[in-house]
Amino acid sequence: MPLPQTASHGNPEYTLTRLLADAIDQRKLPVGACDILNYCQHLNNSKQQQFVIHTEAGDFFLKMQPASELASDQFAAEVSGLLEIARTQAIRTAVPYATGEVDGHSYILLSPLPLAVHGDWHQAGIELATLHSNLSSLGYGYNKTTYCGSTPLNNGWRSNWSDFFVEQRLKPLVRELASQGDVFASADRVLHACSNALKGHQPDASLLHGDLWSGNIGFIPDSRGSLPVIYDPACYYGDAEADLAMTELFGRFPDAFYQGYQSVRKIDEDYEERRGIYQLFHLLNHAVLFGGHYVTQSRDLMRRL
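These numbers were taken from a predicted model, which means no experiment stands behind them.

**Focus on empty space enclosed by the protein**
Evaluated as defined, the whole model comprises 1 cavity of 30 Å³ or more. Space inside the largest cavity adds up to approximately 60 Å³. Around the largest cavity sit Phe-165, Leu-208, Gly-210, Tyr-236, Ala-242, Asp-243, Tyr-278, Phe-281 and His-282, which together line it. Of all the elements in the fold, those that place two or more residues in the lining of the largest cavity are helix H6 (240–247) and helix H8 (271–290). Sorting elements by how many residues they give to the lining of the largest cavity places H8 first, with 3 residues. A per-class count over the lining of the largest cavity returns 6 nonpolar, 2 polar and 1 charged.

Structure below.
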């Protein structure tokens, strides 16, 4: 097939070859990866470009951004999260091959995920529950900064869950929105209410995906059916309910998912009392990143809390 060209970014094939060559130089890919057969661009905007690349050495999924310390840190955090998930063997995820910076581009190379439209949601619930059964003995946090979108997450270890979630998840976003001009008059009262609601709740420190909405889970076609896969993680160790709350925020997952989950791990009967607190984090984060109606939604949820 003819190779597509993107005039606004010069010759994509040349850039892709340079990035693949860098991964080869790192001894992360075989030499044949430089021999591009064809490629397809999936995303092209000012923040990120994405490609599926077919080469003599196999297929790869590439994400690249204008080079910056933030982009490099984000990609390094993504690699860490993917490897942490893969280590558990609980659920499939993308394989990270390499990251680097070449010719003004920060990049990450991953295995491509040929996603199916439908899949086994019951099995997805089982596998997420299995992932959540992987616990940390260090408390709540993670061994490095991870990112939810482009928002850095303070993952410093804490032994108290209420302190962790209020101080290291909610408060930084409230402060960031205030610096952008979106001041929530009730913020202090809401944060105090959240702290009280979580006080005494000391859940297992489970490995979390961290950003589990419908856009970050899919299914890979297989002879046994379409198998669950998760990607684009924002990993840390925390309350498993935080992942579950996200699955209900932007379009609830099918009921089969929660039935599968509960066949492995029971969902606490008090979960609904905490769900809104965990969803507030994601609404505030979307308000920081995108503004608009997410600010209004955050205000509405804060009033309810």
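**Description of the packing of aromatic side chains**
According to the stated counting rule, one finds 18 aromatic pairs in the structure shown. For the ring pair Trp-121 and Phe-253, a centre distance of 5.0 Å and an interplane angle of 50° mean the geometry is tilted. Placement of the pair is Trp-121 in helix H3 (residues 121–132) and Phe-253 in the loop between H6 and helix H7 (255–262), with a sequence separation of 132 residues. Centre to centre, the rings of Tyr-142 and Tyr-237 are 6.4 Å apart; their planes meet at 25°, and the pair counts as stacked. Of this pair, Tyr-142 sits in the loop between H3 and strand S7 (146–148) while Tyr-237 sits in strand S12 (residues 236–238); the two residues are 95 residues apart in sequence, bridging distant segments of the chain. Judged by relative accessible area, Tyr-237 falls into the buried class, the value being 6%.

**Section: the state of the cysteines**
On inspection of all chains with the given rule, the structure shows 0 disulfides. Cysteine Cys-194 shares no disulfide, and the gap to the nearest cysteine sulfur, in Cys-148, comes to 17 Å. Accessibility expressed as a relative area gives 1% for Cys-194, which makes it buried.

**Notes on the pairing of strand S1 (residues 36–44)**
Each regular strand shows side chains that alternate between the opposite faces of the sheet. In this structure, S1 lies alongside strand S2 (residues 49–55), joined through 7 bridges in antiparallel fashion. When the sheet's bridge partners are listed, Gln-41 is paired in S2 with Phe-51. Counting the residues that bridge the hairpin from S1 to S2 gives 4 residues.

**Concerning the layout of surface pockets**
A volume near 1000 Å³ is recorded for the largest pocket. In this structure, the largest pocket is lined by 30 residues; those nearest its centre are Gln-48, Gln-74, Cys-148, Gly-149 and Ser-150. Among the elements of the structure, strand S3 (58–66), helix H2 (69–88), S7 and H8 are those that each provide at least two residues to the lining of the largest pocket. It is H2 that contributes the most residues to the lining of the largest pocket, 5 residues altogether. Considered class by class, the residues forming the lining of the largest pocket number 13 nonpolar, 12 polar and 5 charged. Roughly 310 Å³ of internal volume is contained in the second largest pocket.

**Some thoughts on the sheet that holds strand S11 (residues 225–230)**
Strand order in this open sheet of 3 strands is S4-S11-S10, and the pairing throughout is mixed. The sheet terminates laterally at strand S4 (92–93) and strand S10 (217–222), the two strands that pair on one side only. Across 2 bridges, S4 lies against S11 in parallel orientation. Across the sheet, residue Arg-92 finds its bridge partner in S11, namely Val-229.

**Focus on the sheet that holds S2**
Spatially, the 5 strands line up as an open sheet ordered S1-S2-S3-S6-S5, and their pairing is antiparallel. Where the open sheet ends on each side, the last strands, each with one partner, are S1 and strand S5 (96–102). Geometrically, the sheet is characterised by an average inter-axis angle of 20° between neighbouring strands, direction not taken into account. Contacts from H2 reach S3, S5 and strand S6 (105–110), with the element oriented near 15° to S6.

**Focus: the environment of His-132**
Structurally, the position occupied by His-132 is in helix H3. Judged by relative accessible area, His-132 falls into the buried class, the value being 0%. Leaving out residues up to four positions away in the same chain, His-132 has contacts with Ser-206, Leu-207, Leu-208, Ala-240, Asp-243, Tyr-261 and Arg-265. A distance of 2.8 Å separates the side chain of His-132 from the side chain of Asp-243, its partner in a polar contact.

About the cut-offs
- Residues numbered from 1 in each chain as written.
- Predicted model: local features only at pLDDT ≥ 70, side-chain atom pairs only at ≥ 80, totals over all residues.
- Heavy atoms only, no water.
- 1 Å grid on protein atoms, 1.4 Å probe; cavity = no way out; pocket = protein on both sides within 12 Å on 5 of 7 lines; lining within 4 Å.
- Points joined across faces, edges and corners; volume = space filled by probe spheres on them.
- Helix = DSSP H or I, 4+ residues; strand = E, 2+ residues; numbered from the N terminus.
- Nonpolar A, V, L, I, M, F, W, Y, C, P; charged D, E, K, R; others polar.
- Phe/Tyr/Trp six-rings, centres within 6.5 Å; stacked < 30°, edge-to-face > 60°.
- Buried < 20%, exposed > 50% of the residue type's maximum accessible area, 1.4 Å probe, protein only.
- Disulfide = S-S within 2.5 Å.
- Pairing = 2+ DSSP bridges.
- Axes fitted to C-alpha atoms, helices over the stretch in contact; angles between N-to-C directions.
- Contact = heavy atoms within 4.5 Å.
- Polar contact = N/O pair within 3.5 Å; in protein donor to acceptor, adjacent residues only side chain to side chain.

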